[in-house]
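The residues making up each chain are set out below.
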Amino acid sequence: MPSTDAQPPQTSGAPHDFGANGSVPILKLWGIRWTIAAAVSVALISVAGLLAAALWYAGFPGLEQIETVTASTLFDLLKLVFAVVAGVGGVAALVVAYRKQRVAEHANRLSEYAQELARAADARADASKALAEHADQRAETEHHRNGIRLLNERFSTTADQLGSDKAAIRLAGVYAMAGLADDWREGRQTCIDVLCAYMRLPYSPPGMTVATVSGEANDQRVLANDADLNSKQEREVRHTVLRLIGDHLRRIEGDPFSWSGYEFDFTGAVIDGGNFAGAEFKGGRVSFERATFVLGEFSLAGATFDTTLASFAGAKFEGAGVSFKAASFTNSELDFESCEVSAGELDFRDIKLNGGRLSLRSSNLTGGTVDFHRAVLEDGELDFSESTIRGAGVHFHRAQFRCDTRFDRIEVDNGEVTFTQAVFAKALISFSQSKLRAGLVSFGGASFEGSDVSFSGTQFHGAAVSFTSASLTAGSMNFWSTNFNRVDVSFGGTTFQGGIFIFKAAQVGAEATVDFHGSRFIGTSALFAHLRIQDGRIAMAGARFEIPPIFSFESRLGLPRGLELPKNLRLNRDGSAQEVGLDASQELALKEWRPTNLAKDRQPGKSGHHPNQPRD
């Protein structure tokens with residue numbers, strides 16, 4: 001088979017181009033053998049033609065023939081041969097160089113074409129990607145629409161189930177709504193709101209259902225039994241709602257199915273038990289305002305509140321136990337303002353309050369117990385101001401206070417408020433302008449370290465008040481304008497070390513005893529100024545004063561009856577008020593003393609209130 005190079009060349013118009021439709025550029029060349037042969041032939045023919053033309057021009061002169069070839073002639077002949085060979089070689093070299101140039105140019109054209117193809121491919125890829133993304137977006141949008149449509153359909157169906165008159169269907173609706181909340185993050189708050197709204201529906205717990213129909217007694221009993229059965233079924237549904245919410249609130253932070261941080265509104269709900277123990281509330285708001293807690297126990301034991309508002313304002317506790325045992329509150333507010341406790345227990349044992357506020361202001365405690373045993377309250381505020389404690393107990397046994405604690409203007413009637421063995425460190429505790437009747441207020445064994453205790457303007461009538469074995473270090477205790485009637489106040493065994501003790505403008509009335517037996521004042525300045533003792537008794541026998549106290553009395557008849565001084569103290573009896581025991585500068589310092597951290601004290605004015613008396 002003949003070689004490809006030996007094939008006759010094909011001819012075309014342009015040697016290479018991109019074609020009308022952008023096809024691949026083509027280089028059309030003869031084979032190398034044919035090309036060189038043709039070039040040499042053309043060269044030889046050209047030389048022969050030039051030689052013939054020269055001879056013609058010269059008239060074809062004759063050639064002289066010689067018998068011998070000289071060296072010169074031979075050399076000239078060789079030069080002519082070499083010149084011809086060189087010329088042929090030069091022509092061949094020119095042909096090869098020309099072919100190389102054509103090939104290089106064609107290679108550049110191919111490279112440009114390849115780049116154009118690459119750019120076109122990239123453009124097509126980008127276009128395909130854009131089309132694919134657009135298609136994906138359309139598909140996702142359509143999927144999302146279908147998903148939203150499906151979720152809305154599920155929501156509508158679930159809501160219908162919750163409105164069924166059959167408990168089993170309502171129960172299924174509760175589970176379906178919780179599952180929908182997990183699947184539908186954008187609508188989770190709505191699903192939670194529906195579950196909370198279900199809890200706000202009217203409800204009578206089993207055993208509390210009252211038949212309100214007329215007719216025969218048997219018919220009434222049947223209807224009452226049916227109503228009680230329905231209540232038991234409804235209770236199961238409602239407890240399932242609370243259980244599912246509690247389960248979701250106990251999930252760890254970062255869990256996609258955690259409901260922490262959402263809002264829960266149980267305003268006005270009737271709660272007969274539930275378990276939110278260990279729940280985590282992070283941000284958001286939880287409302288049990290005006291809710292009624294009856295029967296059973298509702299537990300928030302070990303719950304965590306972080307920057308959360310939990311409101312029980314106006315709630316009623318009627319025999320239920322509500323537990324916050326070991327719960328922690330960080331920069332959060334727990335509001336029980338105006339709540340009513342008639343029975344049961346509010347359990348705050350071992351709680352930790354770090355920042356924020358816990359308020360039972362204006363609450364009405366007519367039974368039951370509020371227990372803060374071993375609670376740790378730091379850097380916040382505990383407020384019982386304007387509350388009524390009647391037949392109930394509020395206990396702070398071994399609690400630790402590093403925050404302001406206010407019981408201003410409270411009323412205690414046959415109730416108990418105890419702080420036995422509690423520790424107050426740089427804290428304020430105030431019972432200013434309160435009324436304590438027929439009950440017990442005890443600080444037995446309590447420790448006050450750099451703290452201020454205020455009973456200014458308080459009325460003790462029939463209540464027992466105990467500071468037995470308490471200790472006060474570098475703080476103040478203030479009984480300014482306090483009124484004692486039919487009450488026993490004991491400071492037996494109390495130790496005052498540093499600081500100041502104010503018993504100024506106090507009135508000790510009928511059957512009242514203020515007993516300092518066994519108390520010790522070590523480096524403490526004590527002021528008993530403008531005392532009014534009317535059929536009462538202040539017993540200081542057995543007390544020890546390192547610095548003799550200052551005394552003055554409203555009466556000008558000398559030492560009043562009922563004042564029993566230690567044996568080492570003597571008062572002048574000239575019919576006028578006398579202060580003894582300190583020099584003039586010390587007396588002035590005591591008279592002008594003001595507790596520095598009673599933030600609500602005010603300067604005396606026309607109202608006649610002293611700076612140590614809190615604002616109304």
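Use the structure listed above.
Residues numbered from 1 in each chain as written. Predicted model: local features only at pLDDT ≥ 70, side-chain atom pairs only at ≥ 80, totals over all residues. Heavy atoms only, no water.

Caption draft 1: Expanded view of the overall build of the protein chain. Each helix and strand counted, the protein chain has six helices and 43 strands in total. For the protein chain, with 616 residues in total, the buried portion stands at 40%. Pairs at least 24 residues apart make up 64% of the contacts formed inside the protein chain by residues separated by at least 6 positions. A total accessible area of about 31600 Å² is found for the protein chain, and carbon and sulfur atoms account for 53% of it. (Helix = DSSP H or I, 4+ residues; strand = E, 2+ residues; numbered from the N terminus. Buried < 20%, exposed > 50% of the residue type's maximum accessible area, 1.4 Å probe, protein only. Contact = heavy atoms within 4.5 Å. Areas by Shrake-Rupley, 256 points an atom, 1.4 Å probe, with all protein chains shown as cover.)

Caption draft 2: The arrangement of helix α4 (residues 188–199) in detail. Given a rise of 1.5 Å per residue, twelve residues ought to cover 16 Å, and the 17 Å separating the end C-alpha atoms of α4 matches this to within 8%. Among the residues of α4, Arg188, Cys191, Ile192, Leu195, Cys196, Tyr198 and Met199 are the ones counted as buried. Viewed along the axis of α4, the buried residues span an arc of 155°, placing them on a single side of the element. (Expected span 1.5 Å × (residues − 1). Arc of directions from axis to C-beta.)

Caption draft 3: Region of the structure containing the pairing of strand β12 (residues 340–347). Two elements, strand β10 (residues 316–323) and β12, share six bridges in a ladder whose sense is parallel. Residue Lys316 lies in a different strand from β12, and its bridge partner there is Glu340. (Pairing = 2+ DSSP bridges.)

Caption draft 4: Quick look at the pairing of strand β16 (residues 376–383). Examined bridge by bridge, strand β13 (residues 352–359) and β16 share six bridges and lie parallel to one another. Following the sheet pairing, Arg357 is matched in β16 by Glu381. By the bridge criterion, six bridges tie β16 to strand β19 (residues 400–406) in an arrangement that is parallel. Across the sheet, residue Leu382 finds its bridge partner in β19, namely Thr405.

Caption draft 5: How the structure looks around the nonpolar core. Membership of the largest hydrophobic core comes to 121 residues, with the highest contact counts inside it found for Phe293, Phe324, Phe419, Phe443, Phe484 and Phe501. With residues near it in sequence (within four places) discarded, Phe443 still touches Phe419, Phe424, Ile429, Phe431, Phe448, Phe455, Ser466, Phe467, Thr468 and Ala470. Judged by nonpolar contacts, the second largest core, of seven residues, contains Ile500, Ala505, Leu527 and Ile550. (Core = buried A, V, L, I, M, F, W, Y, C linked by side-chain atoms within 4.5 Å.)

Caption draft 6: Layout of the layout of surface pockets. Approximately 240 Å³ is the volume attributed to the largest pocket. Taken together, 15 residues make up the lining of the largest pocket; nearest its centre are Glu253, Gly254, Ser258, Ser260 and Lys282. Among the elements of the structure, β4 (280–282) and β8 (304–306) are those that each provide at least two residues to the lining of the largest pocket. For the lining of the largest pocket, the element with the most residues is β4, which contributes three residues. Considering only residue class, the lining of the largest pocket consists of four nonpolar, four polar and seven charged. (1 Å grid on protein atoms, 1.4 Å probe; cavity = no way out; pocket = protein on both sides within 12 Å on 5 of 7 lines; lining within 4 Å. Points joined across faces, edges and corners; volume = space filled by probe spheres on them. Nonpolar A, V, L, I, M, F, W, Y, C, P; charged D, E, K, R; others polar.)

Caption draft 7: Region of interest: the packing of aromatic side chains. Applying the stated criterion to the full structure yields 69 aromatic pairs. The interplanar angle of 35° and the centroid separation of 6.0 Å between the aromatic rings of Phe317 and Phe336 together place this pair among those described as tilted. Taken together, the residues Phe317 in strand β10 and Phe336 in the loop between β11 (328–335) and β12 connect sequence positions 19 residues apart. Here Phe317 and Phe336 have matching classes, each one buried. Where Phe479 meets Phe503, the ring centres are 5.6 Å apart and the plane angle is 40°; that geometry is what we call tilted. Taken together, the residues span a long stretch of sequence, with Phe479 in the loop between β31 (476–478) and β32 (483–485) and Phe503 in the loop between β35 (500–502) and β36 (507–508) at a distance of 24 residues. Just as Phe479 is buried, Phe503 falls in that class too. (Phe/Tyr/Trp six-rings, centres within 6.5 Å; stacked < 30°, edge-to-face > 60°.)

Caption draft 8: Region of the structure containing unusual backbone geometry. Phi at Gln433 is positive, roughly 55°, even though this residue is not glycine. Position of Gln433 relative to the elements: it lies in the loop between β23 (428–430) and β24 (435–437). Non-glycine residue Ala505 carries a positive phi angle of around 55°. Structurally, the position occupied by Ala505 is in the loop between β35 and β36.

Caption draft 9: Representation of the pattern of salt bridges. Applying the stated rule across the entire model yields 22 salt bridges. Glu381 serves as the salt-bridge partner of Arg357, at 3.5 Å between the closest nitrogen and oxygen. With Arg357 in strand β13 and Glu381 in strand β16, the pair connects residues that are 24 residues apart, well separated along the chain. You can call Glu381 partly exposed: its relative accessible area is 23%. (Salt bridge = Lys/Arg side-chain N within 4 Å of Asp/Glu carboxyl O.)

Caption draft 10: Inspection of the packing of helix α3 (residues 167–183) against α4 at higher detail. Interaxial distance between α3 and α4 falls to 8 Å at its minimum, and their mutual angle equals 155°. In terms of axis orientation, α3 runs roughly antiparallel to α4. Considering the relative orientation of α3 and α4, their crossing is left-handed. Here α3 contributes Arg170, Val174, Met177, Leu180, Ala181 and Asp182 to the contact with α4, which in turn contributes Arg188, Cys191, Val194, Leu195 and Tyr198. A per-class count over the contact of α3 with α4 returns eight nonpolar, no polar and three charged. (Axes fitted to C-alpha atoms, helices over the stretch in contact; angles between N-to-C directions. Parallel < 35°, antiparallel > 145°, perpendicular 65-115°, else oblique. Left-handed = near helix turned anticlockwise from the far one by under 90°.)

Caption draft 11: Quick peek at the side chain of Thr158. Tracing the backbone shows Thr158 in helix α2 (residues 71–162). Aside from chain neighbours lying at most four places away, what touches Thr158 is Gly173, Ala176 and Met177.

Caption draft 12: Fine view of α3. Taking 1.5 Å of rise per residue, the 17 residues of α3 would be expected to cover 24 Å, and the 24 Å separating its terminal C-alpha atoms lies within 8% of that figure. Those residues of α3 that sit buried are Ala167, Arg170, Gly173, Val174, Met177, Ala178, Leu180, Ala181 and Asp182.

Caption draft 13: Focus on a nonpolar patch on the surface. A surface patch of nonpolar side chains, about 810 Å² in accessible area, is lined by Leu44, Leu74, Leu77, Leu78, Leu80, Val81, Phe82, Val84 and Val85. When residues of the nonpolar patch are assigned to their parent elements, the largest contribution, eight residues, is made by α2. Along the chain, Leu74 falls in helix α2. (Patch = residues over 30% accessible without salt bridge, like charges linked within 9 Å, V, L, I, M, F, W, Y side chains within 5 Å.)

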